Amino acid sequence: MMLNKSPDEVPWNSLLRTLEPALKRISRRFRQQHRRTLAVGSPARVASERGDAIRFPIEVHGGDREYAVATVYVYGGLKRFYDEGRLEQIARDAMTEAEKYPTEPPAKPGALILNYP
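Sequence positions are assigned chain by chain, starting from 1 and proceeding in written order. Local features in a predicted model are, by the rule used here, given only for residues with pLDDT of at least 70; side-chain atom pairs are given and counted only at 80 or more, and totals for whole chains, interfaces and linings are based on all residues. Side-chain metrics in this entry use all non-hydrogen atoms of the structure; hydrogen atoms and water are not considered.

**Some remarks on helix 1 (residues 9–26)**
The α-helix winds at 3.6 residues per turn, so residues separated by three or four positions along the chain end up facing the same way.
Part 1: Secondary structure elements are taken from DSSP: a helix is a run of H or I of four residues or more, a strand is a run of E of two residues or more, and numbering for both begins at the N terminus. Given a helix with a known number of residues, its expected span is that number minus one, times 1.5 Å. Here helix 1 spans 25 Å end to end across 18 residues, near enough to the 26 Å set by a 1.5 Å rise per residue.
Part 2: Think of it in three bands: residues with accessible area under 20% of the maximum for their type are buried, residues over 50% are exposed, and the middle band is partly exposed, with areas taken using a 1.4 Å probe on protein chains only. Among all positions of helix 1, only V10, P11, W12, S14, L15, L16, T18, L19, A22 and L23 are buried.
Part 3: Buried residues belonging to helix 1 abut strand 1 (37–40), strand 3 (51–61), strand 4 (67–75) and helix 3 (84–100). The contact definition used throughout considers only heavy atoms, calling two residues in contact when any of these lie within 4.5 Å.

This is the structure:
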């Protein structure tokens, strides 16, 4: 029995436990070259034409600035289990975008839109 956990908190933690290690693995070379890492930003629940979604940025951390390089939308509600392969691909796509902007933010931060599933 979990105490003090909202119905969304447990599935959100499950998503983070799957996505954050993928971001760390994918951004290893980026971290060595630029002393920066990729991280998940703060989530928000938003309405869209596809229904309710959870939106969060993938951000570049480290150095004198932190900035979003991608925005992820999770449709269909939060779940307890996630497709690790799809989250790995999201991490790769965010890393590809981050490599274009290793030290300065893009003109429109978070412009790369990634969807899950």
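**A closer look at helix 3**
Part 1: With 17 residues, helix 3 should cover 24 Å at 1.5 Å per step; its first-to-last C-alpha distance of 25 Å lies within 8% of that length.
Part 2: All of the buried residues in helix 3 are L87, E88, I90, A91, A94, M95, E97 and A98.
Part 3: Along its buried surface, helix 3 packs onto helix 1, helix 2 (28–34), strand 1, strand 3, strand 4 and strand 5 (112–116).
Part 4: N-cap assignment for helix 3: the residue whose side-chain oxygen lies 3.0 Å from the backbone N of G85 is D83. Distance and chemistry together define a polar contact, namely a pair of N or O atoms within 3.5 Å, with one atom able to donate a hydrogen and the other to accept it when in protein, and with adjacent residues in sequence counting only for side-chain atoms on both sides.

**Quick notes on the environment of G110**
Part 1: Along the chain, G110 turns up in the loop between helix 3 and strand 5.
Part 2: The sequence separation of G110 and P57 amounts to 53 residues, and the corresponding C-alpha distance is 6.5 Å.
Part 3: Apart from residues lying up to four places away in sequence, G110 is in contact with A68, V69, A70 and T71.

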